[in-house]
Amino acid sequence: MKLTTKFILMNVIILTLAIAITTCFTFARINSEITRQAGITQESILKTFWALLSAKGSNFQVVNGNLLAGGYVVNNNFELPDKVKEMFGGTATIFMGDTRVSTNILKADGTRAIGTKLTGPAYDAVVTEGKPYRGEAMILDASYLTAYDPIKNSKGEVVGALYVGVEKGDFFSAYNSLQTSVILMTAAIAVIFSIVTALLVRKFLSPVIGQVSGITEKINAHADAIALTMDQQSGFATQLSSSVVQISSTMEEFSSTASQIALHSQGVVERADKTLEDSKNGAAEVENLTFKVNDISHNIQTNLGEIVELGRKSKEINKVMEIINNIANQTKLIAFNAALEAASAGEAGKRFGVVAVEIRRLADSVVESTAEIEGKITEILDSVNRLIMSSEKSFQLIQEGQEYASHTVLMLIESVDGVEETTNAARQISLSTQQQQIASSQVVLALKEIEQGVRFSTDSIHQTNSVTGELAELSEQLRAIIIALKLGGSGEGAIVAPAPRVY
Amino acid sequence: MSDPGENHLNLLLFTVGGVRFGCDSGQVAGIADFTGAAAEDLFWLHEELGFQAPVVAYRSPTIVSIRTEGERPYRVIIDTMEEIGAFSLRDIRLFPALLEPLALQKGLWGILPRGEKMVFLVDFQLLLKMRAKQIDDKWRKEIS
């Protein structure tokens, strides 16, 4: 059976029950009211009956087997019960003791029911206990509302009882008829309500169920996705926690190392300051050395010029010597020619020949001297040349030294700048390392907080996993219910097997 | 200068290519510096003597003008002059007969020993005679 059908039936049942309960309540109230009205009426009848009887006499006594009201004999005197019946209808009886002695109740054979006994709870209340009794009783196969009052003598002893009764059907006939009508109407309303409910369910509930089914499928899918995501997040959180622990350990080591580096950096700064001072002194010394080398270079250049000038003058001397040599050679030639002339002149040229020979010898001597001078000058020139070459080499070396010194000065200046930068950098490194140490400590604290946060996050993920699992189960249950709504059945595992999940 | 008597001869001593030579100073008309200018009547002594050495270095080339009987000039380039003096004829040695014809063909007529060295004596007149025809031809060409 479809769940919608069940739903409709349940609605009908509920409505019917509601109407029934309401009706029962109403009928109960009506019944109660009718019973109360009947009681009032019965009390009025009983008061009237008492009034009629009291009018006959107020002293009640049993004399000779007869009940007397004053002087009025009650036994077999049906005046008063008939008068009550005439006035109100119903039944009326006067008991003497527990025996009916005057009544308007007729037996099946049409005779009055005289001599019959009062029994049951009415007897117990009225005769035995001397108290009034109100209640229902079956009289001659008819249900009656009865009222009994004890009749007591002057001594207060129960000598009889006064009874009035009205047939219940007189009061409840309309009530019973109304009850039948109400039941029929309730049935009709239930049927109409069922039809209307079925139509409304088909018109409004079915689309909603379809939508709810789609939403349920989506919720189910989302629950699966959330479960998968939470699973991944759980794994990631676990890895993150492990990584954070490792990073925390590393950062603690890093912080310790940073402390040592800061200490060493301070030492480096001090050494760099000392190096900077030494480098500045060294640069100044090298600069002084450069000035000295420049002076030496200038002196060598000057000396070189002097030497070159000396060489030039030596060459000029050489030229002079060449001239002298030429003159000597010419003189020698002249002397030779003179000697030739002297030789050709014979005895006359003998003295001239001697002079020519002497002149030639002088010329030879001059030539030899000039040759020696030339040799000396050549040696001097060689020495000058060697000196020039040596000086040029020295000058070149000094120039190179000067260049090296200048280069060294530049390098030292650059080195000073570099050392200064190094000092500043070392100082900066020291400061940075101190800041790094502080930052590392802060990072360690932050990592510990992160680790705690990750732990909380992991717990939250586990809780979320649990909630997601419950959500998935609820989604499965809802889907089962939706399918049950669509297809019918109990919806408890008969149709839907929930997909397996890992949380 | 030694005594130029009958037993003496005035000689002009000089060198060419490291070889000492000598000539009768009477054959020399004059001595002058060699300026480098070539002339048809100017000869190198090593060429005149037929030196076998391919290159002969002259340290102080000097021109010796030889006395000639005709108009033909004859000048020879010699190297360093060393001395003009009178030398005893007894000191002069002639070439052996075996070598004399060959020596005369080169204009050499004797040897003057000086210490451990020898001075070859050159006869420029003899050389002039051997060059006479060549010199005459050149000279005539120049004249014409």
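Chains are numbered independently. Their residues run from 1 in the order of the written sequence. Chains carry letters and ligands carry numbers; both start at the beginning, A for chains and 1 for ligands, and go up in the order they are written. Residue-level local features of this predicted model are given only where pLDDT is at least 70; pairs of side-chain atoms are given and counted only at 80 or more, and the full residue set underlies all totals for whole chains, interfaces and linings. The side-chain figures draw on all heavy atoms in the structure; neither hydrogens nor water molecules are used.

1. Let's talk about the sheet that holds strand E7 (residues 142-152) of chain A
Residues and elements named next belong to chain A.
Thought 1: As summarised here, the arrangement of the 5 strands in space is E5-E4-E8-E7-E6, forming an open sheet in which the pairing is antiparallel. Of all strands in the sheet, those with a lone pairing partner are strand E5 (99-103) and strand E6 (133-139), marking the two edges. Averaged over neighbouring strand pairs, the angle between their axes works out to 35° when direction is ignored.
Thought 2: A contact between two residues is defined here by any heavy atoms of the two lying within 4.5 Å. Think of each axis as a best-fit line through the C-alpha atoms, taken over the contacting stretch in the case of a helix, with angles from 0 to 180 degrees between the N-to-C directions. Going along the chain from the N terminus, every DSSP run of H or I of four or more residues is numbered as a helix, and every run of E of two or more is numbered as a strand. Against the sheet, helix H4 (residues 168-345) engages E6, E7 and strand E8 (158-167), with an angle of about 25° to E8. For two strands to be treated as a pair, DSSP must find no fewer than two bridges joining them.

2. Quick look at the environment of Ile 307 of chain A
Residue and element names in this part refer to chain A.
Thought 1: With respect to the secondary-structure elements, Ile 307 resides in helix H4.
Thought 2: Summary of the burial criterion: residues with accessible area below 20% of their type's maximum are buried, those above 50% are exposed, and those between are partly exposed, where the area comes from a 1.4 Å probe applied to protein chains only. Judged by relative accessible area, Ile 307 falls into the buried class, the value being 11%.
Thought 3: Not counting the four nearest positions on each side in its chain, Ile 307 is found in contact with Val 384, Leu 387, Ile 388 and Ser 391.

3. What to know about the nonpolar core
Thought 1: If you look at the biggest cluster of nonpolar residues, it comprises 37 residues, and the most contacted ones within it are Leu 12, Phe 14, Leu 45, Ile 78 and Phe 124 of chain B.
Thought 2: No other element matches H4 of chain A, which puts 5 residues into this core.
Thought 3: In this structure Leu 45 of chain B touches Phe 14, Val 16, Phe 21, Tyr 58, Val 76, Ile 77, Ile 78, Phe 124 and Leu 127 of chain B, once residues within four positions along its chain are discounted.
Thought 4: Residues enter a nonpolar core if they are buried and are Ala, Val, Leu, Ile, Met, Phe, Trp, Tyr or Cys, with the set joined through side-chain atoms within 4.5 Å. Counting 24 residues, the second-largest nonpolar core is a separate cluster that includes Leu 53, Phe 60, Ala 92 and Ala 147 of chain A.

4. Describing the pattern of salt bridges
All names here are of chain A.
Thought 1: Every case where a carboxyl oxygen of Asp or Glu lies within 4 Å of a side-chain nitrogen of Lys or Arg is listed as a salt bridge. Tallying each qualifying case throughout the model produces 17 salt bridges over all chains.
Thought 2: Glu 33 is the partner of Arg 36 in a salt bridge, and the nearest nitrogen-oxygen pair spans 2.7 Å. On the criterion of helical spacing, the pair formed by Arg 36 and Glu 33 is a turn pair, its members being 3 residues apart in helix H1 (residues 3-56).
Thought 3: Classification of Arg 36 by relative accessible area gives partly exposed; the value is 45%.
Thought 4: According to the relative accessible area criterion, Glu 33 is partly exposed, its value standing at 35%.
Thought 5: The residue Arg 312 makes a salt bridge to Glu 309 at a minimum N-O spacing of 2.2 Å. Of this pair, Arg 312 and Glu 309 both sit in helix H4, 3 residues apart, which is roughly one turn of the helix.
Thought 6: One salt-bridge network, held together by shared partners, links Glu 43, Arg 134 and Asp 149.

5. Comments concerning the packing of aromatic side chains
Thought 1: Whether two aromatic rings pair depends on their centres lying within 6.5 Å, for rings of Phe, Tyr and Trp, where Trp uses its six-membered ring; planes under 30 degrees apart make the pair stacked, over 60 edge-to-face, and the rest tilted. Under the criterion given, the structure shown has 12 aromatic pairs over all chains.
Thought 2: Where Phe 14 of chain B meets Phe 21 of chain B, the ring centres are 6.1 Å apart and the plane angle is 25°; that geometry is what we call stacked. For the residue pair Phe 14 of chain B and Phe 21 of chain B, the accessibility class agrees, reading buried in each case.
Thought 3: Put simply, the rings of Phe 14, Phe 21, Phe 51, Phe 120 and Phe 124 of chain B pair up and form one aromatic cluster.
Thought 4: Distance and angle both matter: a charge sits over a ring if NZ of Lys or CZ of Arg is within 6 Å of the ring centre and within 35 degrees of the ring normal. The ring of Phe 78 of chain A is capped by Arg 112 of chain A, whose NZ or CZ atom sits 4.4 Å from the centre of that ring.

6. Observations concerning H4 of chain A
Residues and elements named next belong to chain A.
Thought 1: The span expected for a helix works out to 1.5 Å for each residue beyond the first. Compared with an ideal rise of 1.5 Å per residue, which puts 178 residues at 266 Å, H4 spans 223 Å between its outermost C-alpha atoms and falls more than 12% short.
Thought 2: Throughout, bend refers to the angle between the axes fitted to the seven residues that end at a position and the seven residues that start at it. The largest bend along H4 reaches roughly 40° and is located at Leu 205, with the proline Pro 207 sitting one to four residues downstream.
Thought 3: Backbone geometry just downstream of H4 places Gly 346 in the positive-phi region, at approximately 75°.

7. Brief notes about the interface of chain A and chain B
Thought 1: Contacts between the two partners involve 12 residues from chain A and, on the opposite side, 17 residues from chain B.
Thought 2: Accessible area, probed at 1.4 Å, shrinks when two parts are joined; the buried area is that loss added up over both. Note on chain A versus chain B: buried area summed over both sides is about 1300 Å², and carbon and sulfur give 60% of it.
Thought 3: By the criterion of area lost to chain B, the three top residues of chain A are Leu 333, Phe 336 and Leu 340 of chain A, representing 42% of everything that side buries.
Thought 4: Across the contact surface, chain A and chain B share 0 salt bridges.

8. Thoughts on the sheet that holds strand E2 (residues 66-69) of chain A
Thought 1: Spatially, E1-E2-E3 (chain A) is the arrangement adopted by the 3 strands of the open sheet, whose pairing is antiparallel. Taken across any chain shown, the strands that pair with only one partner, and hence form the sheet edges, are strand E1 (60-63) and strand E3 (72-73) of chain A.

9. Overview of the pairing of strand E2 (residues 19-24) of chain B
Working note: regular strand, side chains alternate between the two faces of the sheet.
Residue and element names in this part refer to chain B.
Thought 1: In this sheet, E2 lies alongside strand E1 (residues 8-16) in antiparallel orientation, the contact comprising 6 bridges. Residue pairing in the sheet places Thr 15 in a bridge with Arg 20 of E2.
Thought 2: Hairpin connection between E1 and E2: a loop of 2 residues separates the two successive antiparallel strands, and Gly 17 in this loop has a positive phi of roughly 60°.
Thought 3: As paired strands, E2 and strand E10 (residues 117-122) are joined by 3 bridges and run parallel to one another. Residue pairing in the sheet places Gly 22 in a bridge with Leu 121 of E10.

10. Here's the deal with helix H2 (residues 79-88) of chain A
Residue and element names in this part refer to chain A.
Thought 1: Looking only at H2, the buried set comprises Leu 80, Pro 81 and Val 84. Each buried residue of H2 lies within a common arc of 100° when the element is viewed along its axis, so the set occupies one face.
Thought 2: Immediately downstream of H2, the backbone of Gly 89 shows phi near 80°, a positive value. By construction, the arc corresponds to the directions joining the helix axis to the C-beta atoms.

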